[in-house]
Amino acid sequence: MLNIYNSLTNRKEVFIPIEPHKIRMYVCGMTVYDYCHLGHARVMVVFDMVYRYLQAAGYQVTYVRNITDIDDKIIKRANENGEPFQALTSRFIDAMHEDERALKILPPTHEPRATQSIAGMIQIIETLIEKGFAYVGRNQDVYYDVSQFEGYGKLSGRKLEDLRAGERIAIDEVKDDPLDFVLWKAAKAGEPAWDSPWGNGRPGWHIECSAMSMELLGHHFDIHGGGHDLQFPHHENEIAQSEACHGHTYVNVWMHNGFIRINDEKMSKSLNNFFTIRDVLQSYKAEEIRYFMLNSHYRSPLNYSNESLDNARAALTRLYTALRDLPVGTVLARSDYEQRFRAAMDDDFNTSEAISVLFELAREINRVRQEDLSQAANLGATLKYLAGILGLLDEEAEAWLRGGSQTTGLSDATIDNLIRQRLEARTNKNWAESDRIRDELKAQGVILEDKAGHTTWRRA
RNA sequence: GGCUGGGUGGCAGAGUGGUCAUGCAGCGGAUUGCAAAUCCGUCUACGCCGGUUCGAUUCCGACCCUAGCCUCCA
């Protein structure tokens, strides 16, 4: 039985889909004006893991992850670059897809863009105005009237008076209440704009997700996810808009992933302490990034450091080493390993515990491979199968181990050649020469392992 | 100030009212020409102070420290 922690109720709940065997899930994606950083990578990886596991658990999942391709930052950046905003966004959408492919992120079922749902947004705003939840402000922007929505604050656990008492609420003459948020922004000269009943303008940030999710998933769906920082105000506002518009529950389960940190501080654009995915891919394999993220629970903060990535590399090396040289096997049906793996995943996606099962499989493979190779192969198939649910261990073991972090100066052919020379020395019991060659390779980041009849190698 | 979280062994990171997380590192052994890899064994824990309990790292309360949100942010 699957349990998911629901940010709306602050506790784990038994998950019951609205329609049996089907799940409709929406995740807030990127605003595309720059390269994705590790924080974005975490959202991608976490919800990719969720998507994969829900499917492995037998659900038919419709997964929507949007792209925000119009907003103030995009306009600003496009102006700085002196290019149309569409040129900017399409470039970074391509870059994002490249990063996702590297990280083995499965494409969502739908990937809608804000600019393609303007009509839907206008429709919602019109309904909100009709129902008295929205008004045109003194600057021609359209605002949501927070005081009209009874449940405002239920997701983030805030009360309106607490919010008003907040230190950072600025007085704003154009709104009735400083907490009211913008649904539609009137365009200034030269800004991208769409025609609307309130004049030329563009959507506010929150409305796009209400419109896109509604178009693709209906007015009521199962899971809505995103980074923890979106809980307030973004998701709170989404609930306010959608539920005021349709008059019933918008989403059953809200999921929020924790942040990536640098030196115990949130990684973010505003703090300028971020690493882009492509930065990190210079020194580490994508799978190492993925493992690093999955090794801790999705709601925990995750401190980024080279040590953590090195750790991930060592862990993956151990798993791939167990898989190396195994014949093809059959996945063990209903094994104790699989049951414990699923039990861990059913407990709010406890990937850390699920991964520990992978290591137990690896140990068992190593234990039995001498006496019972076919059993080892079956265990190996089981290991690959379970790891696959997390999007791990998808590579061929030998290739992964030889791949290393980055290509060393030595070519595979050179390495093989040196190994041949060393083999000759060993046949003649010329240990000094044999060790010299091994040290030489080690200095180049190549580690040798002498087996019964042959020598294998891997890059450190 | 309001609201959420978190403090676990050398490091990373799960979890539990009374037997093991797991990975890396350390130590001892097996194996090896020596290594590497692997296997077996093994050591360093649960912020602080009280309470509940036969027993608490795990439940309750206070305290200290720390992160996040309250402004764009994954």
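Procedures and definitions
- Residues numbered from 1 in each chain as written.
- Chains lettered and ligands numbered in written order.
- Predicted model: local features only at pLDDT ≥ 70, side-chain atom pairs only at ≥ 80, totals over all residues.
- Heavy atoms only, no water.
- Helix = DSSP H or I, 4+ residues; strand = E, 2+ residues; numbered from the N terminus.
- Buried < 20%, exposed > 50% of the residue type's maximum accessible area, 1.4 Å probe, protein only.
- Contact = heavy atoms within 4.5 Å.
- Areas by Shrake-Rupley, 256 points an atom, 1.4 Å probe, with all protein chains shown as cover.
- 1 Å grid on protein atoms, 1.4 Å probe; cavity = no way out; pocket = protein on both sides within 12 Å on 5 of 7 lines; lining within 4 Å.
- Points joined across faces, edges and corners; volume = space filled by probe spheres on them.
- Nonpolar A, V, L, I, M, F, W, Y, C, P; charged D, E, K, R; others polar.
- Expected span 1.5 Å × (residues − 1).
- Arc of directions from axis to C-beta.
- Core = buried A, V, L, I, M, F, W, Y, C linked by side-chain atoms within 4.5 Å.
- Domains from an automatic or database assignment.
- Salt bridge = Lys/Arg side-chain N within 4 Å of Asp/Glu carboxyl O.
- Pairing = 2+ DSSP bridges.
- Axes fitted to C-alpha atoms, helices over the stretch in contact; angles between N-to-C directions.
- Polar contact = N/O pair within 3.5 Å; in protein donor to acceptor, adjacent residues only side chain to side chain.
- Parallel < 35°, antiparallel > 145°, perpendicular 65-115°, else oblique.
- Left-handed = near helix turned anticlockwise from the far one by under 90°.

Asker: Hey, could you run me through the overall build of chain A in this one?
Answerer: A count of helical and extended segments in chain A gives 16 helices and 15 strands. Taken over the C-alpha atoms alone, chain A extends approximately 90 × 50 × 35 Å along its principal axes. With 460 residues in all, chain A has 52% of them scored as buried. If you take every contact in chain A between residues at least 6 apart in sequence, the share linking residues at least 24 apart comes to 75%. As displayed, chain A has an accessible area near 20,900 Å², and 48% of this comes from carbon and sulfur atoms.

Asker: I would appreciate a short explanation of the layout of surface pockets in the present structure.
Answerer: One simple way to see leftover space: roll a probe sized like a water molecule over the atoms. Here the second largest pocket is characterised by a volume of approximately 200 Å³. A per-element tally of the lining of the second largest pocket places helix α13 (residues 373–389) first, with four residues. When grouped by side-chain class, the residues that make up the lining of the second largest pocket number seven nonpolar, two polar and five charged.

Asker: Would you take a moment to explain helix α15 (residues 412–427) for this structure?
Answerer: Side chains three or four residues apart in an α-helix point the same way, a direct result of the helix having 3.6 residues per turn. An ideal rise of 1.5 Å per residue puts 22 Å on 16 residues; α15 measures up with 22 Å between its terminal C-alpha atoms. Buried within α15 we find Ile415, Leu418, Ile419, Arg422 and Ala425. The buried side chains of α15 occupy one side of the element, clustering within an arc of 115 degrees when seen end-on. Exposed residues lying more than 90 degrees from the buried face of α15 are Ala413, Arg420, Glu424 and Thr427. Of the surrounding secondary structure, the elements contacted by the buried residues of α15 are α16 (431–443), β14 (446–450) and β15 (455–459). Immediately downstream of α15, the backbone of Lys429 shows phi near 55 degrees, a positive value.

Asker: Just checking my understanding: could you explain the nonpolar core for this structure?
Answerer: Where a protein is soluble and globular, its nonpolar side chains tend to be buried together. Ranked by size, the top nonpolar core spans 132 residues in total, and within it Leu54, Tyr144 and Phe349 carry the most contacts. By residue number, the principal contributor to this core is helix α1 (residues 38–56), which donates twelve residues. The residues that make up this core include at least three from each of domain 1 (15–261) and domain 2 (322–400). Once residues lying within four places of it in the same chain are set aside, the contact partners of Leu54 are Leu2, Ile23, Met25, Tyr59, Val61, Ile223 and Phe349. By size, the runner-up hydrophobic cluster in this structure holds nine residues, among which are Leu410, Ile415, Leu441 and Val446.

Asker: Looking at this model, I keep getting lost on helix α10 (residues 306–323). Mind explaining?
Answerer: Between its terminal C-alpha atoms α10 stretches 26 Å, which fits the 26 Å expected from 18 residues at 1.5 Å a residue. Listed in full, the buried residues belonging to α10 are Leu309, Ala312, Arg313, Ala315, Leu316, Thr317, Leu319, Tyr320, Ala322 and Leu323. Where α10 is buried, its residues contact α9 (286–294), β13 (302–304), α12 (351–368), α13, α14 (397–403) and β15. The positive-phi residue at the C-terminal boundary of α10 is Asp325, with phi of around 65 degrees.

Asker: What's the story with the pattern of salt bridges in this structure? I'm lost.
Answerer: Close approach of charged atoms allows side chains with opposite charge to pair. Enumeration according to the criterion identifies 40 salt bridges in this entry. Where Lys12 meets Asp347, a salt bridge forms, and the shortest distance between an N and an O atom there is 2.8 Å. Here Lys12, found in strand β2 (residues 11–14), pairs with Asp347, found in the loop between α11 (336–346) and α12; they are 335 residues apart in sequence, far enough to count as distant. Classification of Asp347 as partly exposed rests on a relative accessible area of 30%. Arg299 is the salt-bridge partner of Asp348, the closest N and O atoms lying 2.7 Å from each other. With Asp348 in the loop between α11 and α12 and Arg299 in the loop between α9 and β13, this residue pair connects regions lying 49 residues apart in the sequence. Several salt bridges converge on common partners, so that one network encompasses Asp34, Lys76, Arg77, Glu80 and Lys269.

Asker: Before we go on, may I ask you to explain the sheet that holds strand β11 (residues 260–262) in this structure?
Answerer: Paired through backbone hydrogen bonds, the strands of a sheet run either parallel or antiparallel to each other. If you walk across this open sheet you meet the three strands as β12-β11-β13, and the pairing is mixed. Looking at strand neighbours, the two that pair on one side only are β12 (265–266) and β13, the edges of this open sheet. The pairing of β11 with β12 spans two bridges and is classified as antiparallel. In the strand pairing of β12, Arg261 is matched with Lys266. Here α9 sits on the sheet and contacts β11 and β13; the angle it forms with β13, its principal contact strand, is near 145 degrees.

Asker: I tried to follow the environment of Asp229 on my own but got confused; where do I start?
Answerer: The residue Asp229 is located in the loop between β9 (221–227) and α7 (231–246) in this model. Sequence-wise, Asp229 and Thr351 are 122 residues apart; in three dimensions their C-alpha atoms are separated by 22 Å. Each residue touching Asp229, except ones within four places of it in the same chain, is listed here: Phe259 and Lys266. In terms of polar contacts, Asp229 uses its side chain to reach the side chain of Lys266, at 3.4 Å.

Asker: When you look at the domain arrangement of chain A in this model, what are you seeing that I'm missing?
Answerer: Interfaces are often sized by the amount of accessible area the parts lose when they come together. Taken domain by domain, chain A holds domain 1 (15–261), domain 2 (322–400) and domain 3 (412–459). The distance between the C-alpha centroids of domain 2 and domain 3 comes to 30 Å.

Asker: Just checking my understanding: could you explain the packing of α11 against α13 for this structure?
Answerer: Helix packing geometry: the angle between the two helix axes and the distance between the axes. For the pair α11 and α13, interaxial distance at closest approach is 11 Å and the crossing angle is 10 degrees. When the axis of α11 is compared with that of α13, the two are roughly parallel. The handedness of the crossing between α11 and α13 comes out as right-handed. Side by side, α11 and α13 meet where Tyr337, Glu338, Phe341 and Arg342 of the first sit next to Leu379, Tyr385, Leu386 and Ile389 of the second. Of the residues in the contact of α11 with α13, the class split is six nonpolar, no polar and two charged.

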